Amino acid sequence: MSYMALYRKWRPDEFEEVKGQEHVVTTLKNQITHDRIGHAYLFCGTRGTGKTTVAKLFAKAVNCEHPREDGSPCNECAACKAISAGNSLNVIEIDAASNNGVDNIREIRDEVQYSPTEGKYKVYIIDEVHMLSIGAFNALLKTLEEPPSYVIFILATTEAHKIPITILSRCQRYDFRRISLDTIYSRLTDLLNREGVEAEEKAVRYVAKAADGSMRDALSLLDECIAFYLGQKLTYDNVLEVLGAVDVDIFNQLMCYIAANDTMQALKIVDDVIWQGRELSQFVVDFTWYMRNLLLLKSSDHINDQLDISSENLESMKKVAKQVDIEALMRYIRVFSEMSNQIRYATQKRVTLELAVIKLTTPQMETNMDSILDRIRLLEQKVEEGICSMSEEQLKMLGNNLAAEAMNENGISSDEPDINREELLKESLTPAEASDMKAIIDSLNEIRNNSEFRHNIGMGTMSFFDKASINIGHDKKSIVLSFDQTEGGKMAEAQLSKEKSIVALQEMVGELTGKQVEITCQSKGDLKENDLNSINLSKVNFNVVVQE
């Protein structure tokens with residue numbers, strides 16, 4: 001007997017074997033046991049989630065001569081055996097991709113007039129029904145709405161949005177979900193035991209993950225891996241080789257070079273991956289997923305359970321995560337996500353991938369906010385390491401230019417309206433409160449003008465601080481740094497809102513004033529100074545305010 005693919009050999013024979021679609025299976029079994037069988041069903045969902053399998057099981061169950069109490073077919077009677085073998089005249093499968101014309105539907109309309117020669121129901125399973133022409137849909141309408149009592153239509157599709165509403169309204173719709181990784185892994189493990197194939201848990205888990213929620217894809221991938229290493233134990237490295245995938249260690253090395261902005265070494269990793277014969281589209285998908293896991297590790301200390309990676313890989317990824325900022329990581333994910341669609345259809349996949357890697361290592365190629373923030377981070381890092389060839393004045397000027405360029409991109413003027421700030425503060429603050437605020441503002445101005453303080457926070461970050469409006473908090477004791485809604489303002493707020501920047505500012509103010517001062521950042525919707533909390537305190541003469 002010729003070999004049969006795993007997904008065909010182990011197609012479920014009863015409802016209990018259908019995994020991950022319990023909400024659909026339970027409903028259909030209840031309809032069968034309570035004799036509430038509908039005349040038209042629409043099964044929707046991504047590929048390989050069990051739509052056709054459940055349709056055949058349902059057809060078998062409604063025609064079974066000795067159904068079980070829970071509605072499942074017996075698989076022993078003549079009707080069940082004929083349907084399982086594909087020989088039953090009562091179950092008609094139609095591929096709408098190749099039979100999508102009006103004439104094909106007219107044939108169905110003529111055939112439904114004849115009752116089944118054996119069994120209770122004639123079941124028409126129309127796969128990929130969204131590919132029917134408009135004329136074919138119209139020809140199906142009347143028959144679908146009022147078929148003979150012995151006819152059941154089951155329409156299956158991966159693209160429900162392409163089906164006319166007139167068809168949708170005549171069907172009971174069931175949405176098949178993507179199958180979870182654990183469910184697929186459990187099924188694959190069970191089938192490997194039945195096949196007598198030995199495999200590493202890590203290898204089976206990778207196959208389940210690569211299937212992306214499709215049980216059929218998982219079985220096809222597993223079949224391919226078993227065939228390549230026939231008679232051998234299926235290992236993780238074997239699976240990576242067959243599927244053209246890359247190990248986490250390679251991703252760790254690539255990310256370290258990207259974070260260090262070492263373009264040549266990053267491209268060398270890509271070159272090695274290509275010469276190993278890895279599939280570049282899969283490489284992009286896997287590396288994007290890897291970066292997503294890094295982002296989760298950076299976002300929370302208690303995210304380990306949600307990451308489907310080994311403890312050994314987890315530890316190595318945690319070390320890499322410490323070398324990358326969240327903002328930079330989000331930019332990396334954005335660049336690779338944009339590129340993932342392009343590489344699928346690119347004639348020069350290698351060039352497309354290399355261009356994306358160069359973008360990651362050279363943020364100056366882009367001019368959006370997250371790229372500029374990444375550039376500032378690199379400048380600060382170089383200053384701290386003492387390898388920046390710019391003078392302090394040049395670095396400050398560069399930061400100012402970047403901020404001013406972004407702040408003025410929408411043509412918003414920084415001119416302040418005429419207002420008697422001192423008088424407003426004198427009316428709102430007690431002499432003691434005004435005196436405390438004067439000490440705080442004096443300390444902030446000293447931080448702005450003292451090169452040592454500026455270096456402690458970072459020259460690029462301090463350039464944005466120079467553009468902030470310094471306001472008094474509602475408690476009349478804290479400081480609020482306000483920013484406008486331009487791209488430049490958003491960029492400055494994002495940079496100064498970082499915990500390390502805020503903590504550094506608070507510690508310096510505390511050191512200079514001897515007071516514990518809370519500093520926060522906020523967006524400023526209205527640039528005009530119209531109340532106590534919107535006054536720019538750096539423009540106030542506090543010597544006038546404290547006079548009684």
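What you see is a predicted model; the values in this text were computed from it and never measured.

Colleague: How should I be thinking about the packing of helix α8 (residues 181–195) against helix α10 (residues 215–228) in this particular structure?
Modeller: Helix packing geometry: the angle between the two helix axes and the distance between the axes. α10 packs onto α8 with a crossing angle of 45° between their chain directions and a minimal axis gap of 11 Å. As far as their axial angle goes, α10 and α8 are oblique. Crossing hand, α8 versus α10: right-handed. Seen from α8, the contacting residues are Thr183, Ile184, Arg187, Leu188, Leu191 and Leu192; seen from α10, they are Met215, Ala218, Leu219, Leu222 and Ile226. Along the lines of polarity and charge, the residues of the contact of α8 with α10 split into nine nonpolar, one polar and one charged.

Colleague: How should the sheet that holds strand β6 (residues 469–472) be read in this particular structure?
Modeller: Either a parallel or an antiparallel arrangement is found when strands of a sheet pair, and the pairing is made through backbone hydrogen bonds. Taken together, three strands build an open sheet; the order of strands is β6-β7-β8 and the sheet is mixed. Of all strands in the sheet, those bounded by a partner on one side alone are β6 and β8 (519–523). Across the sheet, the mean angle from the axis of one strand to that of its neighbour is 35°, orientation sign disregarded. Both strand β7 (residues 479–483) and β8 contribute to a ladder of five bridges, which runs parallel. For serine 482, the partnering residue across the bridge sits in β8 and is glutamine 522. This element, helix α25 (residues 499–513), spans β7 and β8 of the sheet and lies at about 135° to β8.

Colleague: I tried to follow unusual backbone geometry on my own but got confused; where do I start?
Modeller: Trans is the prevailing form of peptide bonds, just as negative phi is the prevailing case for residues other than glycine. A positive phi angle is found at asparagine 261, which is not glycine, with a value near 55°. Position of asparagine 261 relative to the elements: it lies in the loop between α12 (248–259) and α13 (263–275). Its identity as a non-glycine residue notwithstanding, lysine 476 has a phi of 65°, on the positive side. Here lysine 476 is to be found in the loop between β6 and β7.

Colleague: Looking at this structure, how should I read the sheet that holds strand β2 (residues 91–95)?
Modeller: The sheet built from five strands is open, its strands ordered β2-β3-β4-β1-β5 with parallel pairing. Only two strands of the sheet have a single partner each, and these edge strands are β2 and β5 (172–176). Averaged over all adjacent pairs, the angle separating strand axes in this sheet is 15°, with direction ignored. Pairing of strand β1 (residues 40–45) with strand β4 (residues 151–157), which is carried by five bridges, proceeds in the parallel orientation. If you follow phenylalanine 43 over to β4, its bridge partner there is alanine 156. Sitting on the sheet, helix α2 (residues 22–33) touches β1 and β5, and the angle it makes with β5 is about 145°.

Quick notes on the rules
- Residues numbered from 1 in each chain as written.
- Predicted model: local features only at pLDDT ≥ 70, side-chain atom pairs only at ≥ 80, totals over all residues.
- Heavy atoms only, no water.
- Axes fitted to C-alpha atoms, helices over the stretch in contact; angles between N-to-C directions.
- Helix = DSSP H or I, 4+ residues; strand = E, 2+ residues; numbered from the N terminus.
- Parallel < 35°, antiparallel > 145°, perpendicular 65-115°, else oblique.
- Left-handed = near helix turned anticlockwise from the far one by under 90°.
- Contact = heavy atoms within 4.5 Å.
- Nonpolar A, V, L, I, M, F, W, Y, C, P; charged D, E, K, R; others polar.
- Pairing = 2+ DSSP bridges.

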